[in-house]
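Single-letter residue listing:
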Amino acid sequence: MKQKSALKLAFNLFTTHVIGVILSVILSFGLIVIFDSILYKFAIGCFVLLIYVVLISGPAWRIGNEDKNKVKFNRQQKDIYRGFKLGLLASVPMFLLAILLLLAKAELFPNFYVLYKVLNAYAFAFIGIIDHTFENVQTAYLTVVSWGQVIAACAFTIIPTIVWGVNYLLGYHDIIVMDKLIYKKKDNSKNS
């Protein structure tokens, strides 16, 4: 069996991220405009983030599960951090966007803060709460947003990498979270 390159696997992870962002854009902009409450926007943010995480988790879990079998039959060296490495590789475009946002805040690059928030739609509600977008439309301009708010917006970039790394480990150890949540472990001892 031919082994897939790390670059191809990372590209597959990045592709799921792009699909997740498209779905997040639809959900975020479709649901956030309904009510004005920050609590509602936070709940929508949690819902969108959960959908995004579930969507991008599958490929990393599958890669981890396949790697476990390859290690078992001595076709690959054991590397439990491979999921985090692949996640970092897949996240390079997102990290570059975060660096460009920091450069834009320092006025060394054109302002693209609104575009940045759309490209990180899985965290749009949280970024909006942090930078007060929902109360003040002026926060579309980086000159109005503080450095702390910009750094907080950039911090959401690490979420996909963590999700991919953790799900790789879950796949490697053959742990299916949904099975753990749905099925209860039966007690084999009988009460007499």
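Residues numbered from 1 in each chain as written. Predicted model: local features only at pLDDT ≥ 70, side-chain atom pairs only at ≥ 80, totals over all residues. Heavy atoms only, no water.

### Quick notes on the overall build of the protein chain
- Helix and strand counts for the protein chain stand at 9 helices and 0 strands.
- With respect to the principal axes defined by its C-alpha atoms, the protein chain has extents near 60 × 50 × 25 Å.
- Expressed as a percentage of the 192 residues in the protein chain, the buried residues total 38%.
- Counting contacts in the protein chain only where the partners sit at least 6 residues apart, residues at least 24 apart contribute 75% of the total.
- Element-wise, carbon and sulfur atoms account for 69% of the exposed surface of the protein chain, whose accessible area totals about 11500 Å².
- Taken as two groups, the 19 positive and 10 negative side-chain charges of the protein chain have centres that lie 12 Å from each other. (Helix = DSSP H or I, 4+ residues; strand = E, 2+ residues; numbered from the N terminus. Buried < 20%, exposed > 50% of the residue type's maximum accessible area, 1.4 Å probe, protein only. Contact = heavy atoms within 4.5 Å. Areas by Shrake-Rupley, 256 points an atom, 1.4 Å probe, with all protein chains shown as cover. Lys, Arg positive; Asp, Glu negative; His and termini not counted. Charge placed at Lys NZ, Arg CZ, Asp CG, Glu CD.)

### Quick notes on helix 4 (residues 92-105)
- Taking 1.5 Å as the rise per residue, helix 4 with 14 residues should run 20 Å; its terminal C-alpha atoms sit 20 Å apart, in good agreement.
- Residues of helix 4 that are buried: Met94, Ala98, Leu101, Ala104 and Lys105. Angularly, the buried residues of helix 4 cover 120° about the axis, an arc narrow enough to put them on a single face.
- Where helix 4 is buried, its residues contact helix 1 (6-31), helix 3 (82-90), helix 5 (113-119), helix 7 (147-155) and helix 8 (159-172).
- At the C-terminal side of helix 4, Glu107 shows a positive phi close to 65°. (Expected span 1.5 Å × (residues − 1). Arc of directions from axis to C-beta.)

### Here we look at a nonpolar patch on the surface
- A cluster of nonpolar side chains, contributed by Leu7, Leu89, Val92, Leu96, Ile99, Leu103, Leu108 and Phe109, occupies part of the molecular surface with about 720 Å² of accessible area.
- When residues of the nonpolar patch are assigned to their parent elements, the largest contribution, 4 residues, is made by helix 4.
- Inspection of the secondary structure puts Val92 in helix 4. (Patch = residues over 30% accessible without salt bridge, like charges linked within 9 Å, V, L, I, M, F, W, Y side chains within 5 Å. Salt bridge = Lys/Arg side-chain N within 4 Å of Asp/Glu carboxyl O.)

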